[in-house]
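# Overview (structure and organization)
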Amino acid sequence: WSQVVSEAEKIVGYPTSFMSLRCLLSDELSNIAMQVRKLVGTKHPLLDTARGFVYDSRNNLQMRGLVVLLISKAAGPSTAELSFQHNMVSGIYSSQRSLAEITELIHTAFLVHRGIVNIGELKSCDGPLKDMQFGNKMAVLSGDFLLANACTSLAQLQNTKVVELISSAIGDLVQGIYYENSKSSEENCLTDDIGISTWKEQVFLSHSALLAKSCQAAMELAKHSTEIQDMAFQYGKHMSMSHKLHSDLQPFVKESSSDIMAFSLNCAPAVFHQEFLGRDAWIKQIREEQRRCCQSPSRPACVSPQLQEAIKAGKGVTSAIDLCRRHGNRALAALESFPPSEARAALANIVYAVTRFS
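Analysis parameters
Residues numbered from 1 in each chain as written. Predicted model: local features only at pLDDT ≥ 70, side-chain atom pairs only at ≥ 80, totals over all residues. Heavy atoms only, no water. Helix = DSSP H or I, 4+ residues; strand = E, 2+ residues; numbered from the N terminus. Buried < 20%, exposed > 50% of the residue type's maximum accessible area, 1.4 Å probe, protein only. Contact = heavy atoms within 4.5 Å. Areas by Shrake-Rupley, 256 points an atom, 1.4 Å probe, with all protein chains shown as cover. Phe/Tyr/Trp six-rings, centres within 6.5 Å; stacked < 30°, edge-to-face > 60°. Core = buried A, V, L, I, M, F, W, Y, C linked by side-chain atoms within 4.5 Å. Expected span 1.5 Å × (residues − 1). Salt bridge = Lys/Arg side-chain N within 4 Å of Asp/Glu carboxyl O. Polar contact = N/O pair within 3.5 Å; in protein donor to acceptor, adjacent residues only side chain to side chain. Axes fitted to C-alpha atoms, helices over the stretch in contact; angles between N-to-C directions. Parallel < 35°, antiparallel > 145°, perpendicular 65-115°, else oblique. Left-handed = near helix turned anticlockwise from the far one by under 90°. Nonpolar A, V, L, I, M, F, W, Y, C, P; charged D, E, K, R; others polar. pLDDT = per-residue confidence, 0-100.

## Concerning the overall build of the protein chain
Each helix and strand counted, the protein chain has 15 helices and 2 strands in total. Scored against the burial criterion, the 358 residues of the protein chain give a buried share of 51%. Within the protein chain, residue pairs in contact and separated by at least 24 positions form 78% of the contacts whose partners lie at least 6 positions apart. For the protein chain, the exposed surface amounts to about 17,600 Å²; the carbon and sulfur share of it is 52%.

Given below as structure tokens:
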């Protein structure tokens, strides 16, 4: 994955890690970073989020902006925009580079907002109450600041269709996160009663809509046809669905890890496992794990080795791998509408990277 991203960054002209540099070095963000340091010693999620921006070894944080730049270069200028080719750098319009920044800002803002904790569920080991409340305020304010910057830059593109597309993507994100939080069970570690079709709808809203609509918007900025816009949308949608499935599968397919990786009971392998097992049998399995883990409260039932092995032994993991590859194939099929190029090959390599399992 790291090699694929590194090679793709060279194709679009500069590493996408510089994309948010202008924002991250601003006085306002520097002040926020200083404030976040006050959370050191607590378990507030905002601290991990901020640390991830600086020390992200998986190159996942800038993935959305990179894909927008690559698909912009893969499509090239349309016949309607040939007279504006002097505005292109490395085959990408300046407005498309701005859109890639906007996409990253929106994604980052929502990552920060996800760091808000439920004060009522805090334990004494999480940190002092006043520090956790302060962390929540910082998560709200800094997330809003990033989102406001994104909206200002979006207006400066002066394209009503692009504004409409990205605004609807923000709405999708809010709706997706609302579903994630509103359906959480009151009982610890009890999974939602959802099937894989509902899971796909929710994941599209919370993970895929932003990239899919940003890819479409990049084509609109270059005045490409509705057919090309739709193919860009399809690539963004299916590639990000594959990316999410690949992420969900890691705790079940990684063999090198000596310790168990935490996983959500609403991840794709668990949802498939529940479908095959039946809701009642699944709840019974979870309750047995909860009873077993009562003597070991440091390891909650939802990440117990026994439950992980039970999911591995069923059909959930292989079904999730199959679904990941199906979405990957649909993303590759969408790329066939673009002329062969380095950028198109890089987009294909990104798909291969998230659909390959050892």
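Following the structure, the description resumes.
## Comments concerning the packing of aromatic side chains
Under the counting rule described, the total for this entry stands at 3 aromatic pairs. Judged by centre distance (6.3 Å) and plane angle (55 degrees), the rings of Phe204 and Phe233 are tilted. Highlighted residues: Phe204 in helix α9 (residues 196-221) and Phe233 in helix α10 (residues 226-253), separated in sequence by 29 residues. The exposure class of Phe233 is buried, given its relative accessible area of 16%. Summarising the aromatic geometry, the rings of Phe272 and Phe276 are spaced 6.5 Å apart at their centres and angled 20 degrees between planes, so their arrangement reads as stacked. Remark: Phe276 and Phe272 occur in helix α11 (residues 268-277); sequence separation between them is 4 residues, near one turn of the helix. Given a relative accessible area of 8%, Phe272 falls into the buried group.

## Let's talk about the nonpolar core
In this structure, Val67, Leu70, Ile106, Tyr235, Met239 and Phe338 are the most contacted members of the largest nonpolar core, which totals 59 residues. Looking at this core element by element, the count peaks at 9 residues for helix α5 (residues 63-75). Excluding residues that lie within four positions of it along the chain, Val67 makes contacts with Leu211, Cys215, Tyr235, Met239, Leu347 and Ile350. One finds Ile196, Phe263, Ile286 and Leu307 within the second-largest nonpolar core, a separate group that totals 26 residues.

## A word on unusual backbone geometry
The phi angle of most residues is negative, glycine excepted, and most peptide bonds adopt the trans form. The phi dihedral of Gln158 is positive, around 55 degrees, even though this residue is not glycine. Within the fold, Gln158 resides in the loop between α7 (129-156) and α8 (160-182). At Lys223, a residue that is not glycine, the phi angle is positive and equals roughly 60 degrees. Inspection of the secondary structure puts Lys223 in the loop between α9 and α10.

## Details of α5
Within an α-helix, residues lying three or four positions from one another point in the same direction, as the helix has 3.6 residues per turn. Between its first and last C-alpha atoms α5 spans 18 Å; for 13 residues at 1.5 Å apiece the expected length is 18 Å, and the two agree. Every buried residue of α5 is accounted for by Met63, Arg64, Gly65, Leu66, Val67, Val68, Leu69, Leu70, Ile71, Ser72, Ala74 and Ala75. Turning to α5, the residues buried within the fold contact α1 (2-11), β2 (92-93), α6 (94-113), α9, α10 and α15 (342-355). At the C-terminal side of α5, Gly76 shows a positive phi close to 70 degrees.

## Things to note about the pattern of salt bridges
Scanning the model with the defined rule gives 4 salt bridges in all. In this structure, the salt-bridge partner of Glu220 is Lys161, at a minimum N-O distance of 4.0 Å. Of this pair, Glu220 sits in helix α9 while Lys161 is found in helix α8, placing the two residues 59 residues apart along the sequence. Among the residues examined, Glu220 registers a relative accessible area of 13% and is labelled buried. Judged by relative accessible area, Lys161 falls into the partly exposed class, the value being 31%. Two residues, Asp172 and Lys213, come together in a salt bridge whose shortest N-O distance is 2.7 Å.

## Observations regarding the environment of Asp172
Its place among the elements puts Asp172 in helix α8. The spatial distance from the C-alpha of Asp172 to the C-alpha of Leu205 is 4.9 Å, given a sequence separation of 33 residues. With sequence-adjacent residues up to four places away left out, Asp172 is seen in contact with Leu205, Ser206, Ala209 and Lys213.

## Notes on the side chain of Asn159
Mapped onto the secondary structure, Asn159 falls in the loop between α7 and α8. On the basis of relative accessibility, which here comes to 10%, the residue Asn159 falls in the buried class. Within polar-contact distance, the side chain of Asn159 engages the backbone nitrogen of Lys161 at 3.1 Å.

## Description of the packing of α5 against α10
The axes of two packed helices give the description: the angle between them and the distance between them. Contact geometry for α5 and α10: axes closest at 12 Å, N-to-C directions at 150 degrees. On the basis of the axis angle, α5 is roughly antiparallel to α10. Crossing angle aside, the handedness with which α5 passes α10 is right-handed. Within the contact between the two elements, α5 uses Met63, Val67 and Ile71 and α10 uses Ala232, Tyr235, Met239 and His243. Its residues assigned to classes, the contact of α5 with α10 shows 6 nonpolar, 1 polar and no charged.

## Notes on the confidence of the model for the protein chain
Here the protein chain averages 80 in pLDDT, while 75% of its residues score no lower than 70. Note on residues 54-60: pLDDT under 50 across the span, and 8 contacts to partners over four residues away in sequence or across chains.

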